[in-house]
Amino acid sequence: MKPSLSKSDASDASAAPDGFDASAAKISFRGAGKTFPLKQGEFTALDEVSLDIADREFVTVVGPSGCGKSTLLNLAAGLAEPTTGQVLVDGAVVTGPGPERGVIFQQYALFPWLTVRGNVEFGLKLTSLSAAERRRKADHAIELVGLADFADALPKTLSGGMKQRCAIARAYAVDPDVLLMDEPFGALDALTRVQMQDQLLDTWTRERRTVLFVTHDVDEAVYLARRVVVMAARPGRVHRVIEVDLPYPRTEELRLSPEFARIRNEVWHAVYHQEPAGSVAPVT
Ligand SMILES: Nc1ncnc2c1ncn2[C@@H]1O[C@H](COP(=O)(O)OP(=O)(O)OP(=O)(O)O)[C@@H](O)[C@H]1O
Ligand SMILES: [Mg+2]
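Read on for an overview of the structure. (Residues numbered from 1 in each chain as written. Chains lettered and ligands numbered in written order. Predicted model: local features only at pLDDT ≥ 70, side-chain atom pairs only at ≥ 80, totals over all residues.)

**Overview of the overall build of the protein**
Note the threshold: Counting from the N terminus, the helices are DSSP H or I runs at least four residues long and the strands are E runs at least two residues long. Note on burial: count the other C-beta atoms lying within 10 Å of the residue's C-beta; 20 or more is buried, 12 or fewer is exposed, in between is partly exposed, and C-beta positions come from the backbone. Each residue is represented by a C-beta atom placed from its backbone, and any two residues with such atoms within 7 Å are regarded as in contact.
A tally of helices and strands in the protein yields 8 helices and 10 strands. By the burial criterion, 42% of the 284 residues in the protein qualify as buried. The contacts of the protein with a sequence gap of at least 6 include a subset with a gap of at least 24, amounting to 71%.

**A few points about the sheet that holds strand β6 (residues 101-104)**
Sheets are built from strands that pair by backbone hydrogen bonding, the pairs being arranged parallel or antiparallel. Put simply, the test is: When DSSP finds two or more bridges between a pair of strands, those strands are recorded as paired. Each axis is a line fitted through C-alpha atoms, taken for helices only over the stretch in contact, and angles between the N-to-C directions span 0 to 180 degrees.
Within the open sheet, the 6 strands sit side by side as β6-β7-β8-β3-β9-β10. Their pairing is mixed. At either margin of the open sheet sits one strand with a lone partner, and together these are β6 and β10 (237-243). On average, adjacent strands in this sheet sit at an angle of 15 degrees to one another, irrespective of strand direction. Judged from the 5 bridges that link them, strand β7 (residues 178-182) and strand β8 (residues 210-214) form a sheet pairing that is parallel. Within β8, the position partnered with Val178 by the bridge is Thr210.

**Description of helix α1 (residues 69-77)**
Most of α1 sits inside the fold, with 9 of its 9 residues counted as buried. Those residues of α1 not exposed but buried are Lys69, Ser70, Thr71, Leu72, Leu73, Asn74, Leu75, Ala76 and Ala77.

**A closer look at the site of ligand 1**
Let me state the cut-off plainly: The criterion for a residue being near a molecule or strand is a backbone-placed C-beta atom within 6 Å of that molecule or strand. Put simply, Ala, Val, Leu, Ile, Met, Phe, Trp, Tyr, Cys and Pro go in the nonpolar bin, Asp, Glu, Lys and Arg in the charged bin, and everything else, Gly too, in the polar bin.
In the region of ligand 1, 14 residues are neighbours, and Phe36, Ala45, Ser65, Ser70 and Thr71 sit closest. For the shell around ligand 1, the secondary-structure elements that each account for two or more residues are β2 (42-54) and α1. Ranked by residues supplied to the shell around ligand 1, first place goes to α1 with 3 residues. Looking at the shell around ligand 1, its residues break down into 4 nonpolar, 9 polar and 1 charged.

**A look at the environment of Asp217**
Looking at where Asp217 falls in the secondary structure, it is placed in the loop between β8 and α6 (218-224). By the C-beta count within 10 Å, which is 16 here, Asp217 ends up partly exposed. Along the primary structure Asp217 and Val62 are separated by 155 residues, whereas in three dimensions their C-alpha atoms are 7.4 Å apart.

**Focus: the packing of helix α3 (residues 131-144) against helix α4 (residues 160-173)**
Let me state the cut-off plainly: Any angle that falls under 35 degrees is termed roughly parallel, while one over 145 is termed roughly antiparallel, one within 65 to 115 roughly perpendicular, and all others oblique. Put simply, a crossing is left-handed when the front helix is turned counterclockwise from the back one by less than a right angle, and right-handed when it is turned clockwise.
Where α3 contacts α4, the axes come no closer than 8 Å and their chain directions differ by 135 degrees. The angle between α3 and α4 places the two elements in the oblique class. The element α3 and its partner α4 pack so that their crossing is right-handed. When α3 is examined against α4, the residues Lys137, Ala138, Ala141, Ile142 and Leu144 are found in contact with a partner set consisting of Ala169, Tyr172 and Ala173. Here the residues of the contact of α3 with α4 are counted per class, giving 7 nonpolar, no polar and 1 charged.

**Considerations on the nonpolar core**
Spelled out, the test is: Think of a nonpolar core as buried Ala, Val, Leu, Ile, Met, Phe, Trp, Tyr and Cys residues chained together by C-beta atoms that fall within 7 Å. Each domain span listed reflects an automatic or database assignment of domains.
If you look at the biggest cluster of nonpolar residues, it comprises 76 residues, and the most contacted ones within it are Ala76, Ala169, Leu212, Val228 and Val267. With 8 residues, α4 is the single largest residue contributor to this core. Mapping this core onto the domain boundaries places at least three of its residues in each of domain 1 (22-100 + 178-284) and domain 2 (102-175). Not counting residues up to four positions away in its chain, the partners in contact with Ala169 are Val120, Ala141, Ile142, Leu144, Val145 and Leu147.

So, in structure tokens, the structure goes:
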């Protein structure tokens, strides 16, 4: 049996994974923008994004390098403050990071002096869990990402992909309501990547979790999501939101289907054949 992430067995497994309540936004970007000061003037990294992500929805974000994907995620994580507008989670304005939002960074951020287990347990130290329970949760998450044999290893002895899996385990262990993932599988080889995608979907299917997932891989964006947000650069903004009208569970067969290819091509076109700023119809 595939290991699952904690709460799963207790949750309503009969509910359709995409059977969320679209009227209840879990994450709301309301005219959220971000400018950075320059020596002369300022740079608009993100230009007033308005986007609602429903409770339990899986949304992926794709777009050219520098279009503001990480900035968007950082606003939801509370690691950066918007210079215009607001970001709300569960109806409350985000003012900083919180344990209900698990973040996986584009650059795996591990403490070099802690072992894999130490890194994964770190996020649990802020909780009221006993040491034994922390250990159990950490070991479960480590097993889930396939690092059980390396629980006592230091990060410097791991490959890039293993470090990234350790960072993923750290976020999974805390069991957050919202997962904010910034190119989490970018450093993984093709096979591990597909396995991690399926595992993430498996977990998401069982648990009530909302996922905002940044990737530069169009196939990955379509395979995982119910909606793909395509961003455009200069200024960073939402260019299009494309529905992925494919059933869950997503399978290898589905990945090879003409319907998948059609949506993939649509997203690909939206990413790589963008019209210049100003000529794009506003997103509704
Ligand atoms: N702290 C900062 N100061 C100034 N400019 C910044 C800062 N952080 C990001 N930027 C700029 O904002 C823009 C968006 O950056 P961001 O990291 O969000 O892009 P991205 O879409 O995640 O790119 P990538 O795909 O390469 O990860 C970029 O042009 C970047 O140079
Ligand atoms: Mg980025």
